[in-house]
Amino acid sequence: QLPLVESGGGLVQPGGSLRLSCVASGSIFSIYRMAWYRQAPGKQREFVASIGNYGTTAYADSMKGRFTISRDNAKNTVYLQMNSLKPEDTAVYYCNADVSSQSATAPDNYWGQGTQVTVSS
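Notes on the structure in this doc start here. Quantities reported herein were computed from a predicted structural model and do not represent experimental measurements.

## Looking at the nonpolar core
Point 1. Ranked by size, the top nonpolar core spans 30 residues in total, and within it Trp36, Leu80, Met82 and Tyr93 carry the most contacts.
Point 2. For this core, the secondary structure elements donating two or more residues are strand S3 (18-24), strand S4 (30-39), strand S5 (46-51), strand S7 (67-72), strand S8 (77-82), strand S9 (91-100) and strand S11 (115-119).
Point 3. Per-element tally for this core: the top contributor is S9, with 5 residues.
Point 4. Those residues in contact with Met82, other than ones at most four positions away along the chain, are Gly16, Ser17, Leu18, Leu20, Arg66, Phe67, Tyr93 and Val117.

Okay, here's the thing in structure tokens:
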């Protein structure tokens, strides 16, 4: 099992900002796609944003213009900058990554434990 550890969640007022981080550790040869998903109470987990190993990004429509995903390959870290937060952004945010532990092996998919983001006044 490869640990993905998220951090940066918390309580923020509507209109505020948070920056989430997710660090991959352990036996890593290469990290491919990294992504963020979220799950609100009583709802299914949904896609937020993704970034490829060459920097290609994708966003869910409701996050475009407010959220920015980025990565630091040297630190095996993916970030999610969240601006103009709304109460409906309240959810547990999960990191997801495709990681290969050895050369010429197919990557495995890993999930982090999640970090709580609460947007409330």
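## Some details on the state of the cysteines
Point 1. Using the criterion set out here, one finds 1 disulfide in the structure.
Point 2. Paired by a disulfide, Cys22 and Cys95 hold their sulfur atoms 2.1 Å apart. Between Cys22 and Cys95, the S-S torsion sits near -80°, and that sign places the bridge as left-handed. Separated by 73 residues along the polypeptide, Cys22 in strand S3 and Cys95 in strand S9 bring together distant segments of the chain.
Point 3. For Cys22, a relative accessible area of 0% translates into the label buried.

What counts and what doesn't
- Residues numbered from 1 in each chain as written.
- Predicted model: local features only at pLDDT ≥ 70, side-chain atom pairs only at ≥ 80, totals over all residues.
- Heavy atoms only, no water.
- Core = buried A, V, L, I, M, F, W, Y, C linked by side-chain atoms within 4.5 Å.
- Buried < 20%, exposed > 50% of the residue type's maximum accessible area, 1.4 Å probe, protein only.
- Helix = DSSP H or I, 4+ residues; strand = E, 2+ residues; numbered from the N terminus.
- Contact = heavy atoms within 4.5 Å.
- Disulfide = S-S within 2.5 Å.

So, to be careful, I would describe these as geometric facts and stop short of saying anything about function.
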